[in-house]
Amino acid sequence: MGEVKTTAQPETEWVFATRNAHKVAELDAMFHSVFGIHVVGLDHFEELPEIVEDRDSFEGNAIKKAETIAAILGLPVVADDSGLCVDFLKGAPGVYSARYAGPEATDQANNEKLLQALKGVPQEKRGARFVCVLALAIPGKDTKTFRGECRGRIAEEPRGKHGFGYDPLFFLPEQGCTMGELPAEMKNRISHRSRAVQQLRDLLKDSLSAEGTTGR
C-alpha cells in the first residue's frame, strides 16, 4: 500500500472508521456542534486497507479498526462494532450478526435465519439485546472503549420499514413496537449506538479541553 495522503488536522478533524455515510453525518453533527471537531469517514482517504473483523468480541473488533487506522493516518479515530445477542441462542449471532446467514448475507436472509432458529420459542424466552462498542484511538494515548446496550425481545415476524439489519424483529416492550417501527429521531435517542456515543461525549466534555486534544 502506498502512502496515504491527508490534509486533515489532528486538532480539528477526526476519522470515523466506517464507509457508512449516515453514521459519519450523525457523528459529525454531534461533534462539530459541541467540540468544533469535524468527523470524516474512510471514503475521505485513498488506499486505506480493509480491516478484517476477526476478533471474538465487539470490543476487540472496534479496537482493531480504530488503532489500525489511527496508526496509518496519525489522527484520532473512532470505530464501532455492533450486533444482536439473543439469550436463547447463548449470545448468537453476536459479532457475526452482519454475516449470520453467510459472508454475503442480506438483512432479509439474516432475519429469516434468526426466525427459523427461534421457531416455536415462547415470548418469555426470546429476550435479546443490541450491543454497540465504540473505540477511540488517539496516537500517543491509551485507546478507550464505550459500550451501549438496548434490551428487547425478538418478534415472531418483521414489523416496520425504518432502520436496517434486525430492527424489524427487535421488539421494544416499553415502546410497544419494533425498532423498525420507530422514527429515526426516536431510535437515535434510545438505541445502543446512541448510548455508546453519549458516553464518549461525556468523556470528551470532561477531558478534551484539559488535555489540549482539540487545540483550544
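Residues numbered from 1 in each chain as written. Predicted model: local features only at pLDDT ≥ 70, side-chain atom pairs only at ≥ 80, totals over all residues. Heavy atoms only, no water.

- As annotated in an unreviewed UniProt entry, the chain carries the name dITP/XTP pyrophosphatase and is attributed to Kroppenstedtia sanguinis.
- The UniProt entry for the chain carries this comment under Subunit (unreviewed entry): "Homodimer."
- UniProt annotates the chain under Sequence similarities (unreviewed entry) with the comment "Belongs to the HAM1 NTPase family." (UniProt positions renumbered as here; feature names shortened; annotations may be inferred.)

## Describing the sheet that holds strand β4 (residues 127-137)
Then, in step 1: Here we have seven strands laid out as an open sheet, ordered β2-β1-β3-β4-β5-β6-β7, and mixed in their pairing. For this open sheet the edge positions go to β2 (38-40) and β7 (177-178), each flanked by a neighbour on one side alone.
Then, in step 2: One ladder, built from two bridges, connects strand β5 (residues 144-154) with strand β6 (residues 170-172); its direction is antiparallel. Opposite Ile-154, over in β6, you have Phe-170 as the bridge partner.
Then, in step 3: Seen against the sheet, helix α2 (residues 58-73) touches β1 (13-16), β3 (77-86), β4 and β5 and runs at an angle of roughly 165° to β3. (Pairing = 2+ DSSP bridges. Helix = DSSP H or I, 4+ residues; strand = E, 2+ residues; numbered from the N terminus. Contact = heavy atoms within 4.5 Å. Axes fitted to C-alpha atoms, helices over the stretch in contact; angles between N-to-C directions.)

## Topic: the pairing of β5
Then, in step 1: Taken together, the 10 bridges between β4 and β5 define a ladder with antiparallel strand orientation. Among the inter-strand pairings, Leu-134 is bridged to a residue of β5, identified as Phe-146.
Then, in step 2: Counting the residues between successive antiparallel strands, the hairpin from β4 to β5 contains six residues, one of them, Gly-140, with a positive phi of roughly 85°.

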